[in-house]
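# What the coordinates show
Below, each chain spelled out in residue letters.
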Amino acid sequence: IMASLLSVQCAASVRKSGSLIHLRSAALGIQSRHYSSKKASSSEYLHQSVVPSMHYQKSLPRLPVPKLEDTIRRYLAAQRPLLDDEQYRTTEKHAQDFQNGVGKQLHEELVAQDKNNKHTSYISGPWFDMYLSARDSVVLNFNPFMSFNPDPKTEYNDQLVRATNMVSSAVRFMKTLRAGLLEPEVFHLNPAKSDTDSFKNLIRWVPSSLSWYGAYMVNAFPLDMSQYFRLFNSTRIPKRGRDELFTDEKGRHLLVMRKGNMYVFDIVDRDGNLVKPAEIQSHLKYILSDSAEAPAFPLGVLTSENRDVWAELRDKLIAAGNAEDLRVVDSALFCLCLDEESMRDHIHISHNMLHGDGCNRWYDKSFSIILTKDGQAAINFEHSWGDGVAVLRFQNEVFKDTTEQPLVHPGSAAAAVDSASAVRRLHFNLDSELQNGIKKAKENFNSAVSKLTIDAMEFRKGGKEQLKKSKLSPDAIAQLAFQMGFLRQYGQTVATYESCSTAAFKHGRTETIRPASIHTKKCSQAFVSQPGKHSVEELRGMLNECSKYHGQLTKEAAMGQGFDRHLFAMRYLANSKGQPLHGLYMDPAYAAINHNILSTSTLTSPAVSLGGFAPVVPDGFGVGYGVHDEWIGCNVSSYPTRNVHEFLQCVHKSLEDIFSVLEGKSLS
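Residues numbered from 1 in each chain as written. Predicted model: local features only at pLDDT ≥ 70, side-chain atom pairs only at ≥ 80, totals over all residues. Heavy atoms only, no water.

The number of helices and strands found in the chain is 24 helices and 20 strands. For 668 residues, the compact-globule formula gives about 26 Å, and the C-alpha radius of gyration of the chain, at 25 Å, lands near that figure. Buried residues in the chain amount to 59% of all 668 residues. Relative to all contacts within the chain whose residues are 6 or more apart in sequence, the contacts with residues 24 or more apart total 79%. Here the chain displays about 25900 Å² of accessible surface, and carbon together with sulfur accounts for 52% of that area. (Helix = DSSP H or I, 4+ residues; strand = E, 2+ residues; numbered from the N terminus. Rg over C-alpha atoms; globule rule 2.2 N^0.38 Å. Buried < 20%, exposed > 50% of the residue type's maximum accessible area, 1.4 Å probe, protein only. Contact = heavy atoms within 4.5 Å. Areas by Shrake-Rupley, 256 points an atom, 1.4 Å probe, with all protein chains shown as cover.)

In structure tokens, the structure reads:
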């Protein structure tokens, strides 16, 4: 085995798998994986994987630094549909000058730096820095949400029952992860071969320095799990200039928020075991029935402030004698927000889970589970420590565990324990300056969220199945519909961002897919502006062209072969050396392509009902979407300069036109 693994190791370093296009769906929609392993014998673990959780981590391939000429070629291709001929000539000149001069030197330096830091990826440090140095509020600007599907057994959606089960499953996940028993995150291209007990029993004996190659031999791709340790006991701490990530794995308590009041109690006992679920239920019941009024100055709203303002106020909180209680908040396993409201519809859920009222949240926790009065649940997470991959895995496991093996049931009696002494409500000393800071933070928060509109759309006339039968990439068609929709509404093609995970590499983060291309522009113009001018065959050919090109971009991005991160890392390097920025970075076209008017992200998972985020620019759309077997859903946000309702009507019309053409009907 060792000999063949070593020969694969050599071959793998030079060969790139053509099927890696699937890796993107691996990283964003975990539906392609199922985790099979021994069921846990004790209620302490979700399961007991025969392959240790971090078995593949050591041998993961390193994120490649793309060739400079490839980056420049890809950059210019992405700029082409956004610029007129004269603008493009200017941008092309800047790009070629960069490639032959400063860029060459920066690239070589980046490659040398990367060679000296083999334990990580070239993007990891700069990416953390970018997030942690950002001074904008994390609310709307960074934290996304993913809402859970309801429990199929409706009586289990009771707020207290569901909260108890989710907290218990979260602890089981944490214990399984920390014991190294969580099934490693692997994307199986051929599950019949690689997602089997026989393969797992073989690969577990392969040294971890070679294990990735063993998986690669059977077309399985292990994914980076370096972010997972930050899921629990972690918080982003505001500091002037640049925040810090804090993790204290010794914390055994849960932070619970209700009506803006903050409570803590242990959910792990002194021996490291899950506190009895009936006791957790008793403590949560105690909190839910606490008659304490909502505080006049809810501390949580400070986590929604500008980071420098919050850093200064935090220093004042510490000076006022609150250091110990802040430490308790920061070291809590995670945050559970129990909301008083029931949800009216999807839109209400989106607003509540994305931002809520600002008072019943601690937005700096690595993640919070939010549960409304009527048992709707979601995760809101802080984005600097990690991408959606770890959170989505956690969400999938918690959903599966709470729905298949709930530990408390409707009608279960809460344990007869003294919750009044087990649960501690946190009290903070607030002087007039801090009270003022909280008041101001609440005003800023209200002002920001009042500008946000969210709307959703479901296209029910077709989905993944029909597109695959037509040999088209479902993601490409969804993205094309956004291009067509925007063109129909505003008459232009604009900078578009689609997130793609690079978790197939050690310390990979994300790469950008640039869905706006010369192909989508040509196709959109044909469908929107000249529908009668082209035959069904011609339109069909354009759809094929768009699908093929988008597939190529997706594959390149998943392989770390985009241009965005490479250009970002070279700019970061120039800045860190105090070097003046080259004309390429000062070009208005560079600013424009990074002003992403259409910011998009997709996920489909059996656990997730919908996900969402705010636009990344004031005149943009935040587009969360999922292409399901028989339908396509979008959850879109905007600020007042854009009309989200009209945009969704235009996207719906675009999808109707595309599916009409696929059915052989001509466009009138």
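Here we take up the environment of Thr71. With respect to the secondary-structure elements, Thr71 resides in helix α3 (residues 68–79). Put simply, Thr71 and Gln99 are 28 residues apart on the chain and 9.4 Å apart in space, counted from C-alpha to C-alpha. Among residues more than four places away in sequence, those in contact with Thr71 are Pro66, Gly562, Phe563, His566 and Leu567.

In terms of nonpolar packing, the biggest core is built from 50 residues, with Ile267, Phe334, Leu336 and Phe394 touching the most fellow members. No other element matches the nine residues that helix α7 (residues 159–178) contributes to this core. Other than its neighbours up to four places away in sequence, Leu336 contacts Ala163, Val167, Leu254, Leu255, Val256, Met257, Leu284, Ile369 and Leu371. Counting residues in hydrophobic clusters, the runner-up holds 42 residues, among them Phe459, Leu480, Leu539 and Val617. (Core = buried A, V, L, I, M, F, W, Y, C linked by side-chain atoms within 4.5 Å.)

A large share of strand β15 (residues 496–501) lies buried, amounting to six of its six residues. Side chains Thr496, Glu498 and Cys500 project from β15 onto one buried face, and the interleaved Tyr497, Ser499 and Ser501 project onto a second face that is buried too. With four bridges joining them, β15 and strand β16 (residues 510–513) adopt antiparallel strand pairing. Looking across to β16, one finds that Ser501 is bridged to Thr510. (Pairing = 2+ DSSP bridges.)

Let us now look at the sheet that holds strand β11 (residues 367–371). Taking strand neighbours across the sheet as the criterion, the eight strands line up as β13-β9-β8-β10-β11-β12-β3-β18 in an open arrangement whose pairing is mixed. Looking at strand neighbours, the two that pair on one side only are β13 (424–425) and β18 (608–612), the edges of this open sheet. Note: strand β8 (residues 253–258) against strand β10 (residues 335–338), four bridges, orientation parallel. In the sheet register, Met257 faces β10, and the bridge partner there is Cys337. Packing against the sheet, helix α11 (residues 277–288) makes contact with β8, β9 (261–266) and β10, and its axis sits at approximately 165 degrees to β9. Taken strand by strand, helix α14 (residues 388–404) contacts β3 (145–148), β11, β12 (377–381) and β18, and its axis lies near 10 degrees from that of β3. (Axes fitted to C-alpha atoms, helices over the stretch in contact; angles between N-to-C directions.)

A word on the UniProt feature "active site" (unreviewed entry) in the chain. In the numbering used here, UniProt assigns the feature "active site" (unreviewed entry) to His383. Mapping His383 onto the fold places it in the loop between β12 and α14. (UniProt positions renumbered as here; feature names shortened; annotations may be inferred.)

When the UniProt feature table is mapped onto this chain, "domain: Choline/carnitine acyltransferase" (unreviewed entry) is found at residues 63–652. Measuring from the first to the last C-alpha atom of residues 63–652 gives 38 Å, for a span that is 45% helix and 15% strand.

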